[in-house]
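# Architecture and fold: a report
What follows is the residue order along each chain.
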Amino acid sequence: MNFYRTMRLMLSSAAFFSLAGSAFALDGTDLLNKINAAYAAQGGTIAAENIDIDGTTVTLKNVTLKPTGGESLPIGEITLSGVEEDEDGGYYIEEAAFPDINKTQDGVTVTAQELTLGGISVPATAGGDTLDTMMLYETAHTGPLKVVKDGAEVFSLLQTDMNLTLREDESGFDFDGAFKSMKADLSKAEDAQSKDAIEKLALQHVQGDITMKGAWELAPGTIDISEFAFDFTNIGKLNLGFKISGYTMAFMKSMQDAMKESEANPNKEQSQQALGLAMLGLMQQLSFEAAQVRFEDASITKRALDYAGSQQNMSGKQMADSLKAMTPIMLAQLNIPELQNAVSAAVNTFLDDPKSLTVKAAPEKPVPFPTIVGAAMGAPNTLPQVLGVKVSAND
């Protein structure tokens with residue numbers, strides 16, 4: 001998933017204050033037009049054959065979504081409840097409820113239920129670089145999701161929730177999310193080699209959760225993902241985190257404008273080249289502040305060593321000893337003496353008693369992205385020092 005799309009999705013899901021409602025009857029067409037004006041930044045258009053209004057409930061009938069440059073996607077009926085128009089001409093929607101999904105193609109059926117967004121604010125005038133020109137929502141929820149192939153359930157998800165909260169001083173947002181009780185059935189893998197690996201690693205039935213926590217500080221454009229964790233039973237927990245600055249609303253607006261200009265260019269090769277150059281220019285505004293990758297073992301390491309060893313006609317213990325011996329040799333080729341000893345020590349500690357392995361990057365002060373690119377191209381062995389990289393185990 002590329003970074004700017006992932007961040008655009010998260011930032012477009014931020015919380016906003018509910019505004020006082022108007023005493024006049026709702027104008028469904030005006031509401032849809034303003035939703036479309038705001039949604040245009042996402043690269044699509046929403047159409048409805050009919051709009052019914054009953055008090056503060058607006059029902060969009062036979063809705064279709066047309067992504068820019070793509071084909072229309074039928075959605076069905078969307079119910080907007082608790083709709084209020086504010087004094088500036090924008091709208092607040094207490095909840096948007098979407099129809100259940102039940103699609104079958106090539107023997108695969110996907111179903112999803114309870115799809116809702118909550119606390120949506122629709123701007124009176126969209127397309128600016130301030131909060132009051134963005135379409136924002138406070139919560140997103142989906143209920144049970146299932147994927148069935150040839151009559152057998154191969155994937156399921158109990159529910160997902162995303163919550164976003166605007167700080168009292170409006171200086172930024174805090175957000176968290178969870179994908180709860182994910183289950184995947186890998187036991188029916190058809191490839192013999194894959195099936196053997198899955199059985200030896202005891203991965204026939206995978207179950208776990210994905211959680212996320214973070215914040216966005218508007219003025220400096222600091223995005224801090226403190227947790228992006230994949231926690232799976234009898235496997236382990238992988239937690240990713242990073243912190244960058246410079247991702248301001250003006251930066252985001254410039255990025256959206258560049259993408260719109262690219263999509264409008266009929267010469268796709270030329271448009272992609274222009275977009276790439278534009279993104280390189282924009283990246284110069286960003287700075288790296290910190291990152292972390294941490295893995296906490298829950299028995300997968302021993303099984304992985306046993307399996308890898310079996311492929312080389314050796315035991316898991318022998319495979320671990322082999323990896324410990326090879327690590328300093330491989331690191332020596334990278335010419336990073338400051339980090340070589342720390343990495344070797346951490347690998348040895350982890351393989352002897354697999355508990356946790358952590359890689360952190362924390363420079364003394366933010367490092368501009370062009371500096372990182374320059375170091376990577378000119379002197380890659382200096383990157384660990386530039387980024388302040390440290391490695392540890394079982395801490």
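You'll find the structure just up there.
Residues numbered from 1 in each chain as written. Predicted model: local features only at pLDDT ≥ 70, side-chain atom pairs only at ≥ 80, totals over all residues. Heavy atoms only, no water.

### Brief notes about the nonpolar core
Grouped together as the largest cluster of nonpolar side chains are 32 residues, with contacts concentrated most on Leu131, Trp216, Tyr247 and Ile372. For this core, the secondary-structure elements that each account for two or more residues are β10 (152-166), β11 (172-185), β12 (205-217), β13 (222-232), α4 (249-264), α5 (268-283), α9 (369-378) and α10 (383-387). Counting residues per element, this core draws most heavily on α4, at six residues. Counting 18 residues, the second-largest nonpolar core is a separate cluster that includes Leu26, Ile78, Ile93 and Val122. (Core = buried A, V, L, I, M, F, W, Y, C linked by side-chain atoms within 4.5 Å. Buried < 20%, exposed > 50% of the residue type's maximum accessible area, 1.4 Å probe, protein only. Helix = DSSP H or I, 4+ residues; strand = E, 2+ residues; numbered from the N terminus.)

### Remarks on unusual backbone geometry
Of note in the backbone geometry, Glu170 takes a positive phi value of approximately 60 degrees without being a glycine. Within the element layout of this structure, Glu170 appears in the loop between β10 and β11. Here Asn313, not a glycine, exhibits a phi torsion of approximately 60 degrees, which is positive.

### A few points about the pairing of strand β16 (residues 356-361)
Judged from the six bridges that link them, strand β15 (residues 287-297) and β16 form a sheet pairing that is antiparallel. Of the residues in β16, the one forming a bridge with Gln292 is Lys360. Both β16 and strand β18 (residues 389-393) contribute to a ladder of five bridges, which runs antiparallel. From the neighbouring strand, Leu357 faces β18, where its bridge partner is Ala393. (Pairing = 2+ DSSP bridges.)

### Regarding the packing of aromatic side chains
Any pair of aromatic rings gets described here by the distance separating the centres and the angle formed by the planes. Per the counting criterion, the structure on display carries three aromatic pairs. Judged by centre distance (5.0 Å) and plane angle (50 degrees), the ring pair of Tyr247 and Phe251 falls under tilted. Its relative accessible area of 0% is what places Tyr247 among the buried residues. Taking the relative accessible area as the measure of exposure, Phe251 reaches 3% and is therefore buried. (Phe/Tyr/Trp six-rings, centres within 6.5 Å; stacked < 30°, edge-to-face > 60°.)

### Some remarks on the pairing of strand β14 (residues 236-245)
Sheet topology places β13 next to β14; eight bridges connect them, and they run antiparallel. Residue pairing in the sheet places Asp231 in a bridge with Lys237 of β14. Note: β14 against β15, 10 bridges, orientation antiparallel. Its bridge partner lying in β15, Gly241 is registered against Gln292.

### Re the packing of α4 against α5
It is the contact of α4 with α5, at a shortest axis distance of 9 Å, that shows an interaxial angle of 170 degrees. As summarised for this structure, α4 and α5 are arranged roughly antiparallel, according to the angle between their axes. Residues Phe251, Ser254, Met255, Ala258, Met259, Ser262 and Glu263 of α4 lie in contact with α5, whose contacting residues are Lys268, Ser271, Gln272, Leu275, Ala278, Met279, Leu282 and Met283. Considering only residue class, the contact of α4 with α5 consists of nine nonpolar, four polar and two charged. (Axes fitted to C-alpha atoms, helices over the stretch in contact; angles between N-to-C directions. Parallel < 35°, antiparallel > 145°, perpendicular 65-115°, else oblique. Contact = heavy atoms within 4.5 Å. Nonpolar A, V, L, I, M, F, W, Y, C, P; charged D, E, K, R; others polar.)

### Quick notes on the environment of Ser72
As for its placement among the helices and strands, Ser72 is situated in the loop between β2 (57-67) and β3 (73-85). Classification of Ser72 as partly exposed rests on a relative accessible area of 46%. Expressed as a C-alpha distance, the spacing of Ser72 and Ile46, which sit 26 residues apart in the sequence, is 9.2 Å. Not counting residues up to four positions away in its chain, the partners in contact with Ser72 are Leu65 and Lys66.

### A word on helix α8 (residues 337-352)
Taking 1.5 Å per residue, 16 residues should reach 22 Å; α8 reaches 23 Å between its end C-alpha atoms and fits that length. Looking only at α8, the buried set comprises Leu339, Gln340, Val343, Ser344, Ala346, Val347, Phe350 and Leu351. Residues of α8 that are buried in the fold lie against β15, α6 (300-311), α7 (316-332), β16, α10 and β18. (Expected span 1.5 Å × (residues − 1).)

### Digging into α5
Between its first and last C-alpha, α5 extends 22 Å over 16 residues, near the 22 Å set by a 1.5 Å rise per residue. Restricting attention to buried positions, one finds in α5 the residues Ser271, Leu275, Met279 and Leu282. Buried residues along α5 cover an arc of 70 degrees about the axis, so they all sit on one side. For α5, the exposed residues set more than 90 degrees away from the buried face come down to Glu269, Gln273, Leu277 and Leu280. Measuring from the side-chain oxygen of the N-cap residue of α5 to the backbone nitrogen of Glu269 gives 3.4 Å; that N-cap residue is Asn267. (Arc of directions from axis to C-beta. Polar contact = N/O pair within 3.5 Å; in protein donor to acceptor, adjacent residues only side chain to side chain.)

### Observations regarding a nonpolar patch on the surface
Together, Leu238, Val293 and Val359 line one region of the surface with nonpolar side chains, adding up to about 190 Å² of accessible area. Mapped onto the secondary structure, Leu238 falls in strand β14. On the basis of relative accessibility, which here comes to 31%, the residue Leu238 falls in the partly exposed class. (Patch = residues over 30% accessible without salt bridge, like charges linked within 9 Å, V, L, I, M, F, W, Y side chains within 5 Å. Areas by Shrake-Rupley, 256 points an atom, 1.4 Å probe, with all protein chains shown as cover. Salt bridge = Lys/Arg side-chain N within 4 Å of Asp/Glu carboxyl O.)

### Regarding the pattern of salt bridges
Here the structure, examined in full by the defined rule, presents 16 salt bridges. What you see here is one network of salt bridges that share partners, running through Lys317, Asp321, Lys324 and Asp352.

### Things to note about the environment of Asn50
Relative to the elements of secondary structure, Asn50 occurs in strand β1 (residues 44-54). Owing to a relative accessible area of 42%, Asn50 belongs among the partly exposed residues under this scheme. Sequence-wise, Asn50 and Thr29 are 21 residues apart; in three dimensions their C-alpha atoms are separated by 9.3 Å. Sequence-distant contacts of Asn50, defined by excluding residues within four places in its chain, comprise Thr59, Leu60 and Lys61.

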